[in-house]
Amino acid sequence: MGLRKILTDKDPALHKVCRPVEKFDGRLHRLLDDMAETLEQANGVGLAAPQVGILRRVVLVDTGEEILELINPTLLETSGEQVGAEGCLSVPGKYGLVKRPNYAKVRAQDRNGNWYEAEGEELIARCFCHELDHLDGIVYTEIMERFLTEEELAGDNK
Ligand code: ZN
């Protein structure tokens, strides 16, 4: 186990399309364990492998109940719409206004290569979309409407 360094969006790794995971071996398990520790330490909701410099299709999402390990994930279904504040561990201290589906269902492999499905609404749906975007080299700042101001972050979204 070990903490990995979280890259900022100035790093080229954040802007590349990641390759699928083919081997579900000890090296992948170590990456997943390290990413979980890094996510917890950073107090984040999600983390994608390119954020720690690994260009593979691996994502973690903390649902509040468990940390989902999503390997080679794809979006199966989305519905609804939400517009709200979104942040990223690779864009520290900032939040943007981003439109996302309100519901999302994903299909992914677990650390042993078994396929499963996961779904969520609101923050979880936002997080699925945000993290999957990372695997295609997309950071939310590229699709946001604008950054939120200090006043908006401090206030009640008046
Ligand atoms: Zn992010």
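Residues numbered from 1 in each chain as written. Predicted model: local features only at pLDDT ≥ 70, side-chain atom pairs only at ≥ 80, totals over all residues. Heavy atoms only, no water.

## Structural notes on the coordination of the zinc ion
Within the protein, C88 (SG), H130 (NE2) and H134 (NE2) serve as the donor atoms for the zinc ion, at 2.0 to 2.2 Å. Site description for the zinc ion: donor spacing in sequence, C-x41-H-x3-H. Of this pair, C88 sits in the loop between β4 (82–86) and β5 (96–100) while H130 sits in helix α2 (residues 123–135), placing them 42 residues apart in sequence. Note on accessibility: C88 and H130 belong to one class, buried. (Donors = N, O, S within 2.8 Å, 3.2 Å for Na, K, Ca; no water. Helix = DSSP H or I, 4+ residues; strand = E, 2+ residues; numbered from the N terminus. Buried < 20%, exposed > 50% of the residue type's maximum accessible area, 1.4 Å probe, protein only.)

## With respect to the nonpolar core
Ranked by internal contacts, the top residues of the largest apolar core, which has 17 residues, are V59, V61, L70, V106 and F128. Those elements that place two or more of their residues in this core are β2 (58–62), β3 (67–79), β6 (103–109) and α2. Broken down by element, the residue count for this core peaks at 7 residues, all from α2. Each residue touching V59, except ones within four places of it in the same chain, is listed here: L47, A48, L68, E69, L70, E131 and L135. Membership of the second largest hydrophobic core comes to 12 residues, among which are M35, L39, A49 and I71. (Core = buried A, V, L, I, M, F, W, Y, C linked by side-chain atoms within 4.5 Å. Contact = heavy atoms within 4.5 Å.)

## Describing the sheet that holds strand β1 (residues 46–48)
What the 5 strands build is an open sheet, ordered β1-β2-β3-β6-β7; its pairing is antiparallel. Both outer strands of the open sheet, β1 and β7 (115–121), are each paired with one neighbouring strand and no more. Within the sheet, the average angular offset between the axes of one strand and its neighbour, ignoring direction, is 40°. By the bridge criterion, 7 bridges tie β6 to β7 in an arrangement that is antiparallel. By the bridge assignment, A104 is partnered in β7 with G120. Helix-sheet contacts for helix α1 (residues 26–42) involve β1, β2 and β3, and the interaxial angle to β2 is about 40°. (Pairing = 2+ DSSP bridges. Axes fitted to C-alpha atoms, helices over the stretch in contact; angles between N-to-C directions.)

## A short note on the sheet that holds β4
A sheet is described by the order of its strands in space; here 3 strands give the open sequence β4-β5-β8, paired in antiparallel fashion. What marks the edges here is a single partner per strand, and that holds for β4 and β8 (146–147). Here β5 runs beside β8; their pairing, made up of 2 bridges, is antiparallel. Counted as the bridge partner of G96 is F147 from β8.

## Some details on the side chain of D133
One can find D133 in helix α2. Given a relative accessible area of 18%, D133 falls into the buried group. If near-sequence neighbours (up to four positions away) are discounted, D133 is found in contact with R100, I138 and I143.

## What about the pattern of salt bridges?
Throughout the structure, instances matching the rule amount to 11 salt bridges. The salt bridge partner of E77 is K105, with a shortest N-O separation of 3.9 Å. Taken together, the residues span a long stretch of sequence, with E77 in strand β3 and K105 in strand β6 at a distance of 28 residues. By relative accessible area, E77 is classed as partly exposed at 40%. The partly exposed category is assigned to K105, whose relative accessible area is 21%. (Salt bridge = Lys/Arg side-chain N within 4 Å of Asp/Glu carboxyl O.)

## Let's talk about α1
In this model α1 runs 24 Å from its N-terminal to its C-terminal C-alpha over 17 residues, within 8% of the 24 Å that 1.5 Å per residue would give. As for α1, its buried residues are in contact with β1, β2 and β3. (Expected span 1.5 Å × (residues − 1).)

## Describing unusual backbone geometry
The phi angle of most residues is negative, glycine excepted, and most peptide bonds adopt the trans form. A positive phi angle is found at N72, which is not glycine, with a value near 55°. Among the structural elements, N72 can be located in strand β3. Notably, E122 is not glycine yet its phi reads approximately 50°, a positive angle. Note that E122 resides in the loop between β7 and α2.

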